[in-house]
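Residue strings, one per chain:
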Amino acid sequence: MSDPRPQPLPENFAVPLGRVVNRLGVFGHKVRWYPTVASTNDIAAAWAERGAGEGCTVVANSQSAGRGRQGRVWTSPAGAGLYVSTVVRPTGPVIPLLTIAAGVALAEGIQTATGLVSDLKWPNDVFINGRKVAGVLAEATSSQTGICVVLGFGINVSAAVYPREIADLATSLEREAGVSVARGNVLAECLCGLAQRYQQLTDGQRGEVLDAWRGRAVAMTGRCVQWSEVGGIREGTAEGIDDSGALVVRTDAGPARVTAGEVRWL
Ligand code: BTN
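Rules of the game
- Residues numbered from 1 in each chain as written.
- Predicted model: local features only at pLDDT ≥ 70, side-chain atom pairs only at ≥ 80, totals over all residues.
- Heavy atoms only, no water.
- Helix = DSSP H or I, 4+ residues; strand = E, 2+ residues; numbered from the N terminus.
- Expected span 1.5 Å × (residues − 1).
- Buried < 20%, exposed > 50% of the residue type's maximum accessible area, 1.4 Å probe, protein only.
- Contact = heavy atoms within 4.5 Å.
- Domains from an automatic or database assignment.
- Buried area = accessible area lost by both parts, 1.4 Å probe.
- Salt bridge = Lys/Arg side-chain N within 4 Å of Asp/Glu carboxyl O.
- Polar contact = N/O pair within 3.5 Å; in protein donor to acceptor, adjacent residues only side chain to side chain.
- Nonpolar A, V, L, I, M, F, W, Y, C, P; charged D, E, K, R; others polar.

Asker: Any chance you could explain helix α3 (residues 98-114) here in plain terms?
Answerer: Side chains three or four residues apart in an α-helix point the same way, a direct result of the helix having 3.6 residues per turn. A rise of 1.5 Å per residue sets the reference length of α3, with its 17 residues, at 24 Å; its end C-alpha atoms lie 24 Å apart and thus fit the reference within 8%. Extensive coverage of α3 is indicated by the burial of 13 of its 17 residues. Positive backbone phi, at 85°, marks G115, one or two positions downstream of α3.

The structure is reproduced here in structure tokens:
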């Protein structure tokens, strides 16, 4: 099936993006808007396959098959959130820290746009007052156009009806702020955050990104955590992230590094 056709970017997005154009770097200059898609990550991946360059960004008003990490569904009701995917074409050492940088960028963008302070939980979940408000799904592809990572992020902006299993675990910016929040401002600031943090990675300033992440992950440190490995389920106490972005966990058998998969916070 062919991709849906993009529509003109609505004013409530175009105006805030125009205001921050000097801070956007490559992000947000080429933005394609869709009233609805299955998943913005798929649209961005198809665009990348046709040669989309760094910073090409897809935004949708709703998703019919939005997905999260570990095959979960990302509920994406119309107008209630930001559903965004952007193309990056990183080289070698930048790749493992991309999602760490994206998590920082979202937390910072949300704070600049709304004043709300959020925490990060490994690998890149954004929490406010103990409930999840945003997440990042990074998907890599390699084709004739080279290595490409689609960085997809979802932010709950307005209160919406979420499936029962996540209703108590999720929150939205409006619920936390107690006032209405303009999606365009949040998008603009998150893309500026991404521009800044991605630039730091490519300039070799990984320490800046890691320190910013650690500064927002205080609530995670010292928490009990469970994860699965080939040998079975393991458990320990989260100590933070190392310089490669892996989660470091203290266990009875010594320190362990978790680099992928799902962790369960106890
Ligand atoms: C997670 O926390 O599990 C990641 C959620 C990522 C959701 C976003 S919404 C835009 C993009 N398109 C998708 O299908 N998923 C990501």
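Asker: Just checking my understanding: could you explain the environment of L194 for this structure?
Answerer: With respect to the secondary-structure elements, L194 resides in helix α6 (residues 183-202). In the structure, L194 is positioned 96 residues away from L98 in sequence and 9.7 Å away in space, judged by C-alpha atoms. Beyond its immediate stretch of four places on either side in the chain, L194 contacts F27, T86, A102, A105, L151 and Q199.

Asker: Help me out: how do you make sense of the domain arrangement of the chain in this one?
Answerer: Frequently, the measure chosen for interface size is the accessible area that the parts lose on association. By the assigned domains, the chain splits into domain 1 (11-215) and domain 2 (221-265). Placing the centre of domain 1 and that of domain 2 at their C-alpha centroids yields a distance of 25 Å. Contacts between the two partners involve 12 residues from domain 1 and, on the opposite side, 15 residues from domain 2. Across the interface of domain 1 and domain 2, roughly 1,100 Å² is buried in total on both sides, 55% from carbon and sulfur atoms. In this structure, E262 and R72 form a salt bridge, with 2.9 Å as the shortest nitrogen-oxygen distance. The interface formed by domain 1 and domain 2 includes 5 residue pairs in polar contact (both at pLDDT 80 or more). With 4 residues, the single largest contributor to the side of domain 1 that touches domain 2 is helix α7 (residues 206-215). When grouped by side-chain class, the residues that make up the side of domain 1 that touches domain 2 number 6 nonpolar, 1 polar and 5 charged.

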